[in-house]
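# Chains, contacts and geometry: an overview
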Amino acid sequence: MKGWQIEGSMPDSLGHPDLNIALPASQIEEGLVVRSEGGYYSVRVSSGKVIRSTIRGRLRRARGDDTSLLALGDRVRLRWTSDVDGVIEERLERSTEFARRSPSSGRHHVQRQVLLANVSFLLVVASVVQPEFKVSRTDRYLVIAEDEELPLALILNKMDLADPDACAHITAVYTPTGYPILATSTVTGEGILTLRSMLHGHTSAFIGPSGVGKSSLINALIPAADLRIAQINVSLDRGRHTTTVGRLLELDEQSWIADTPGLREIGLYGISRQRLPWLFPEFRPAIEAGCRFSGCTHRSEPGCRVLAAVVRGDIARERHGSYARLWNEAES
Ligand SMILES: Nc1nc2c(ncn2[C@@H]2O[C@H](COP(=O)(O)OP(=O)(O)OP(=O)(O)O)[C@@H](O)[C@H]2O)c(=O)[nH]1
Ligand SMILES: [Mg+2]
Ligand SMILES: [Zn+2]
């Protein structure tokens, strides 16, 4: 089972319920989920110790439409069952969530999967080549992050392999969004110091497709992390994912970074067609100014200000193309 997937049946409690009730309150501690895998969670407590934990059955029954009970970055209350094991009693309120449509959703029963909790900064990582940059794929991540109102930046990695014209084109597509764009290379070290300063004081997450260099970037920032990275640069086998379990790593006392597995699928959850255009920041001035028709979907209607902005070059055609594709997928 992959780190994100906390599904299926688990024994109701691997702790001892009767014993737990009798334990003194001092045995309960707050902690941070730094890893989750197959129904087990690694929870870091204030002493720095990492406790292998399972989850209380009661929590599992309260999950509603969420396929994930806990996500990387969750703060929890944990009851120690030995000096290395514990049971999670409670999930504390989240300040932010990053969620997708669960890949195990049925046709009529769409479910949600929270991938990250309490993250204050999302770094959407893409590579200019190997794998090739794709606007449509990148925009899925950006749109979900916008929907959660998460601050974000776009990281363009593998600059050492990049063709300058291709980079200039990508930059031109995203400059109107206003998102910070940072060019990096783990080979030449380009952008790594800037990246480090951007992350300070945040709980950040590196998200993006497999093979773009998320783990390599984290290794460049935290050499002691020694994360597994792909052996070769060109991933011909699209099924290969080097990171299979998300992990939260300490950058410094005030900063954490989540390494996440490249996602094969990243579908929208709970985003309506009405909301979608607002999730493209460079569309907003045109939407606010008002199109000729009040119910304009900004795809092909006459008198549409969004389309006019595309023609003027204020919105990149590729971004509008992403919008049109996601519109088909969004909830009507
Ligand atoms: N040339 C070049 N190669 C890089 C760079 N960054 C990473 N790579 C290589 O790209 C490949 C994939 O890197 P990973 O760090 O494993 O990619 P990832 O995004 O973590 O991939 P998943 O864990 O599968 O999601 C590895 O062979 C890295 O050595 C870079 O800046 N330049
Ligand atoms: Mg990785
Ligand atoms: Zn319009």
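Residues numbered from 1 in each chain as written. Chains lettered and ligands numbered in written order. Predicted model: local features only at pLDDT ≥ 70, side-chain atom pairs only at ≥ 80, totals over all residues.

## So, the overall build of the protein
Looking only at helices and strands, one finds nine helices and 13 strands in the protein. For the protein, with 332 residues in total, the buried portion stands at 38%. Taking contacts inside the protein between residues at least 6 apart in sequence as the whole, the part at least 24 apart equals 67%. (Helix = DSSP H or I, 4+ residues; strand = E, 2+ residues; numbered from the N terminus. Buried ≥ 20, exposed ≤ 12 C-beta atoms within 10 Å, placed from the backbone. Contact = placed C-beta atoms within 7 Å.)

## So, the nonpolar core
In terms of nonpolar packing, the biggest core is built from 71 residues, with Phe98, Leu116, Leu122, Val124, Val125, Ala205 and Phe206 touching the most fellow members. Setting aside anything within four residues of it in sequence, one finds alanine 205 in contact with Phe98, Leu116, Val119, Leu122, Leu123, Ala258 and Thr260. (Core = buried A, V, L, I, M, F, W, Y, C linked by C-beta atoms within 7 Å.)

## Description of the site of ligand 1
Around ligand 1 sit 23 residues in total, of which Gly213, Ser215, Ser216, Thr243 and Gly262 are the nearest. A total of three residues in the shell around ligand 1 trace back to one element, the largest contributor, which is helix α6 (residues 214-221). Per-class residue counts for the shell around ligand 1 are seven nonpolar, 13 polar and three charged. (Near = placed C-beta within 6 Å. Nonpolar A, V, L, I, M, F, W, Y, C, P; charged D, E, K, R; others polar.)

## Quick look at the pairing of strand β9 (residues 152-157)
The element β9 is extensively covered by neighbouring structure, given that five of its six residues are classed as buried. One ladder, built from six bridges, connects strand β8 (residues 121-127) with β9; its direction is parallel. Bridge pairing in β9 links alanine 126 to leucine 156. Taking the sense of rotation as the criterion, the β-α-β connection linking β8, helix α3 (residues 135-147) and β9 turns out right-handed. (Pairing = 2+ DSSP bridges. Right-handed = clockwise from strand over helix to strand, strands pointing away.)

## Observations regarding helix α9 (residues 317-329)
For α9, built from 13 residues, the straight-helix expectation of 18 Å at 1.5 Å per residue is met to within 8% by its first-to-last C-alpha distance of 19 Å. The complete set of buried residues in α9 reads Arg319, His320, Ser322, Tyr323 and Leu326. Burial along α9 is one-sided: seen end-on, the buried residues are contained in an arc of 150°. Along α9, the residues that are exposed and aim more than 90 degrees away from the buried face are Arg317 and Asn328. Close packing links the buried residues of α9 with α3, α4 (164-174) and α8 (305-312). (Expected span 1.5 Å × (residues − 1). Arc of directions from axis to C-beta.)

## Section: the packing of α3 against α9
Contact geometry of α3 with α9 gives a least axis separation of 9 Å together with a crossing angle of 70°. One element, α3, and the other, α9, form an angle in the roughly perpendicular class. As α3 runs across α9, the sense of the crossing is right-handed. Contact residues: Val135, Ser136, Asp139 and Val143 in α3; Glu318, Arg319, Ser322, Arg325 and Leu326 in α9. (Axes fitted to C-alpha atoms, helices over the stretch in contact; angles between N-to-C directions. Parallel < 35°, antiparallel > 145°, perpendicular 65-115°, else oblique. Left-handed = near helix turned anticlockwise from the far one by under 90°.)

## Re the environment of serine 322
Secondary-structure assignment places serine 322 in helix α9. The class of serine 322 is buried, set by 22 C-beta atoms lying within 10 Å. Along the chain, serine 322 and threonine 138 lie 184 residues apart, while their C-alpha atoms are 9.3 Å from each other. With sequence-adjacent residues up to four places away left out, serine 322 is seen in contact with Val135, Ser136 and Asp139.

## Observations concerning α4
Side chains three or four residues apart in an α-helix point the same way, a direct result of the helix having 3.6 residues per turn. Among the residues making up α4, those that are buried are Ile170, Val173 and Tyr174. Relative to the axis of α4, the buried residues are bounded by an arc of 90° and lie together on one face. Exposed residues lying more than 90 degrees from the buried face of α4 are Pro164, Asp165, Ala168 and Ala172. Where the residues of α4 are buried, they touch α3, β9, β10 (181-183) and α9.

## Topic: the packing of helix α5 (residues 192-199) against α6
Between α5 and α6, the shortest axis-to-axis distance is 10 Å and the interhelical angle comes to 85°. One way to sum up the angle between α5 and α6 is to call them roughly perpendicular. Contacts from Ile192, Leu195 and Arg196 of α5 reach α6 at Leu217, Ala220 and Leu221. Its residues assigned to classes, the contact of α5 with α6 shows five nonpolar, no polar and one charged.

## Concerning the pairing of strand β2 (residues 40-45)
Inspection of the sheet shows strand β1 (residues 28-37) paired to β2 by six bridges, in the antiparallel sense. Counterpart to leucine 32 in the pairing with β2 is arginine 44. The hairpin formed by β1 and β2 contains two residues between the paired strands, and glycine 38 there has a positive phi angle of roughly 55°. Looking at chain direction, β2 and strand β3 (residues 50-55) are connected through four bridges and run antiparallel. Looking at β3, one finds that tyrosine 41 is bridged to serine 53. Counted between consecutive antiparallel strands, the loop separating β2 from β3 contains four residues, among which glycine 48 sits at a positive phi close to 95°.

## What about unusual backbone geometry?
Put simply, glutamine 130 and proline 131 share a cis peptide bond, and its omega is -5°. Here proline 131 is to be found in the loop between β8 and α3. In this structure, asparagine 118 takes a positive phi of about 60° despite not being glycine. Of note, asparagine 118 is situated in the loop between β7 (112-117) and β8. In this structure asparagine 118 comes out as buried when scored by C-beta crowding, with 23 C-beta atoms within 10 Å. Despite not being glycine, histidine 298 has its phi angle at roughly 60°, a positive value. Within the secondary structure layout, histidine 298 lies in the loop between α7 (284-289) and α8. For histidine 298, a count of 23 C-beta atoms within 10 Å gives the class buried.

Such coordinate-based values are descriptive only and should not be taken to indicate function.
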